[in-house]
Amino acid sequence: MPIAYNYFIFFYNLARYTISKIKSASMKLYKILTALLLVTGAYTAHAQNTDQPHGKYDQHKVFTPLFYPDKGNEYRTAAGAPGSKYWQNRADYKLDVTLDTAKHRVTGSTQITYTNNSPDGLNFLWLQVDQNIYREDSRAEATSPVTGGRFSNKTFTNGDEIKGVYIIKNGKAEKVDYLVTDTRMQIKLKDTLRAGGSKLEIKIDYAFDVPEYGTDRMGRQLTKNGWIYEIAQWYPRMEVYDDVTGWNVIPYLGASEFYLEYGNIDYTITAPSNLLVVGSGELLNPAEVLTATTMSRLAAARSSDKTVTIRDSVEFGKSSSHPAKANLTWHFLCKNTRDVAWAASKAFIWDAAKINLPSGKKALAQSVYPVESKGDAAWGRSTEYVKNCIELYSNKWYEFTYPVATNVAGIVGGMEYPGIVFCGGKSAGGELWEVTNHEFGHNWFPMIVGSNERKYAWMDEGFNTFINKVDTKVFNKGEYWVPTDEQKIAPDMFNPDAEAILNTPDVIQADYLGNAAYEKPALGLTILREQILGEERFDYAFRTYIKRWAFKHPTPWDFFHSMDNAAGEDLSWFWNEWFFTTWKVDQAVKGISYNQNDPKQGAFITIENLEEMALPVTIAIKEENGKTARVNLPAEIWQRGPEWTFAYKSTSKIATVTIDPDHVLPDINPENNAYSGLPVPDGLTAAGVIKNYLDAIGGADKVRSINDLTTLSTATVQGAEVKSTTKYKAPDKFYQDIIAPSYNNLVVSKVIINADSVNIQQMNGSVIMDNDIRHQTKARYLPFPELDYIKSGYVLEIAPTLQVVNDQLAYLVVITHPDGVRVKCFFDTKTGLKIKQFTDTPNSTVTEFSDYREVNGGVKIPYDTKTMVLGQPVDFKISGAVANSGVLDGQFK
């Protein structure tokens, strides 16, 4: 599926779904161990104070023995492999169409040879006629929000215009009784199609108009050198008949994708001769459609590891660039495939290179794109990306099975088909790598492993997003690799409106589909690989699943069983909590105690599980004498209940204990992950900490002398650049915008504060605010609120023990504003600088500060700010800052 929910989730998808609101969101003792230790006098407790009760966690629900619903059978084994009598039907196609560029219309016929390998006789057949989604009276249109969305139609067509449906018998065509219902066609047979391998030939004559915007899966785009056509879902296709539900007839509504049978597809495209046509599979007649010069360059590309230009823009419009005919017919064949797609344009630049496969075979990586997309920082690297991602996936998981891998630049933001993908023509740099890598990753899921996308988007999108991350980590020595802070994404992934992964895509709400189908299943596989099984066990099991189900139709249970058996681990507890529920993760350090009250004789560390989900635990420990250690505990510790105490061989007093120090788990409350038993120095007050901070950034007098402050910042979100401008004018005016330049300067977010007036816009929509949100916004954004903290009405409190922030010891000061807003600020004990801040509310955005530098005026400000924007972690780095430049009041309207 498109990258809109992968790297593009931050922009493309959210831009279409207007955000109109800000979402908010019996302590059980470990009796036996505690009693024993108390009786023997083995330790003295110094427990961390926590007011959050257990309550939610129940190990009996997590580790239920009844997760798997049934035993295996002769079709699908309990070990997760196809059974001895596994079967699936087959569909072979012969397609012949003509592209009319004057009318933007495709006309032609499909001839289907359908093989019934099932044990059932079939009295009727079901086909997909997906172009009907573009009809004004389509079910998809009726179920699309009035606010629009990625899969909403922008313009309408007549859909698939069926001219005739026939059964071919003994070389003769007989008309059949058929019925079209939205995106499905039923053919009623006179004679039952017998079980066990009987075949039937169907012929359908049809036509359709190519929509300009085809729900981001197909369409056409006008460039300065002509139209680019990206054609998909372009012929009536057989629905799948399987051993699970029989006919799979879920309508095509947009979000849910496809479930298709495998076979060979032989197809021809007739189009004006000045168009370059590319498609799934192998071009069978290159000598008929390419010039000798073009064929020579193509041959050179087939033996080159470097990108070779086959057709450049200087050849546009020259009659010598193509055979001297009015029209050409391009003939392609794609074997053992579930689908084919193609693209055509006279505006295509074309380059290619060799793909080296682990078996020794070679394939071709190629890209076609308009001059608008040209450049070494943009589509000039596309073929390099195609070649590398195909080679990496082939070596890691399963060998690429098509002769050509083609990347097409056009109107489609990102969509996958066998051996060919459509990617946004404006993508560049890390964005282009992300979308190319994602779309070609789909050649493994679901092109090779043919899961049911209509029901289980996560079995292709989630699995693909997972392998994308594995690939990106090693591509070009990690050129575009940015480790994800899973703690920061947790509030969005596990928000109050979260939905379980195991829902059909059309049921999952649009603004959560990115998490449910893409990011959460991918993170689950990453946790399995890195925290539970280890890479060697996981990779072997995952490869086993791919090999078993290549060109077959697995269910979720087949995947779960296969992974359990090949990895040698009962993971039913994990499948249950991660895929079937909306449970959350919240691991916490409860306290530290010492054997005989002597740190040199060892310590006891108690941790808690405060939410419903169980996961392994990694604990980093630092002692006062400098000794450090890590302790890794399996998820099975939580089989004993919500609290666990383990022994640690300390040699001095423990300074800090931190759960999940690398932020690899989506812990929804990382504030309780770290604990220090060290007290705040005697005599230090909250006011003293604030004064030390003001002194550290230049002194209160210098801060007061800052009348205005302007900063320019940049950040990268999953490969895409965003820019931010902030303007502050003392004492209470603030402006910030966040813009995505490569998406026509899309305004992602804008915040304007002018005294008591607060206005927030996100993705061109205004955020509805109450007074609490207004107060919280002011508390978050104004740059020097510490100047006000000495004023009447503010209450300052200092936490009695030191806190831990990213492995640094910090003082925690809680400031209660006159309007009741509570802000928590963390100050480095060594530098005095503020390193973290958030308002004390559910799902509050945490902001972290570092790299303090002086601006003119002698005041230090953080040049590195990590925060969240629309649920995505963003690291803004200042590229320019100026103080007292005379910012005008008019900029805060």
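Residues numbered from 1 in each chain as written. Predicted model: local features only at pLDDT ≥ 70, side-chain atom pairs only at ≥ 80, totals over all residues. Heavy atoms only, no water.

Chemist: Even after reading the chapter, I still don't get the overall build of the protein chain, so can you show me in this structure?
Modeler: Scanning the protein chain for helices and strands turns up 17 helices and 47 strands. Computed over its C-alpha atoms, the radius of gyration of the protein chain comes to 30 Å, within 12% of the 29 Å expected for a compact globule of 893 residues. Here the C-alpha coordinates of the protein chain stretch approximately 100 × 70 × 50 Å along the principal axes. Among the 893 residues that make up the protein chain, the fraction classed as buried is 59%. Computed over 93 positive and 104 negative side-chain charges, the inter-centroid distance for the protein chain is 3 Å. (Helix = DSSP H or I, 4+ residues; strand = E, 2+ residues; numbered from the N terminus. Rg over C-alpha atoms; globule rule 2.2 N^0.38 Å. Buried < 20%, exposed > 50% of the residue type's maximum accessible area, 1.4 Å probe, protein only. Lys, Arg positive; Asp, Glu negative; His and termini not counted. Charge placed at Lys NZ, Arg CZ, Asp CG, Glu CD.)

Chemist: Teacher, can you tell me more about the sheet that holds strand E21 (residues 342-345) here?
Modeler: Sheet architecture is open: five strands sit in the order E10-E11-E12-E21-E17, paired in antiparallel fashion. Only two strands of the sheet have a single partner each, and these edge strands are strand E10 (213-214) and strand E17 (276-279). Here two bridges tie E10 to strand E11 (residues 218-223), and the two strands are oriented antiparallel to one another. Note that in E11 the partner of tyrosine 213 across the bridge is glycine 219. (Pairing = 2+ DSSP bridges.)

Chemist: Explanation requested: the confidence of the model for the protein chain in the structure shown.
Modeler: Reading predicted coordinates in detail is not appropriate for stretches of low pLDDT. Mean pLDDT over the protein chain: 91, with 93% of residues reaching 70 or higher. The model gives residues 2-53 a pLDDT under 50, and that stretch makes 162 contacts with residues more than four places away or in other chains. (pLDDT = per-residue confidence, 0-100. Contact = heavy atoms within 4.5 Å.)

Chemist: It is not clear to me how helix H10 (residues 486-493) should be interpreted in this structure. Could you clarify?
Modeler: Structural remark: α-helix, 3.6 residues per turn; residues separated by three or four positions point the same way. Taken across its eight residues, H10 has six buried, putting it largely inside the fold. Of the positions making up H10, those classed as buried are Glu486, Gln487, Lys488, Ile489, Ala490 and Met493.

Chemist: Looking at this structure, I do not really get the sheet that holds strand E32 (residues 654-659). What am I missing?
Modeler: Strand pairing in a sheet relies on backbone hydrogen bonds. The paired strands run either parallel or antiparallel. Overall, antiparallel pairing links the four strands, which are arranged E30-E29-E32-E33 in an open sheet. Of all strands in the sheet, those with a lone pairing partner are strand E30 (628-633) and strand E33 (674-675), marking the two edges. Two strands pair when backbone bridges link them, and strand E29 (residues 617-623) and E32 are joined in this way by five bridges, in the antiparallel orientation. Looking at E32, one finds that isoleucine 621 is bridged to valine 657.

Chemist: Would you take a moment to explain the pattern of salt bridges for this structure?
Modeler: Side chains that differ in charge, positive against negative, can pair when their charged atoms come close. One pass over the structure, following the stated rule, counts 48 salt bridges. Here lysine 163 makes a salt bridge to glutamate 161, at a shortest N to O gap of 3.7 Å. One salt bridge in this structure joins aspartate 701 and arginine 704, with 3.3 Å as the shortest N-O distance. In this pair, aspartate 701 and arginine 704 are both assigned in helix H16 (residues 700-704), three residues apart and thus about one turn of the helix distant. The class for arginine 704 is partly exposed, based on a relative accessible area of 46%. What you see here is one network of salt bridges that share partners, running through Arg105, Glu161, Lys163 and Asp209. (Salt bridge = Lys/Arg side-chain N within 4 Å of Asp/Glu carboxyl O.)

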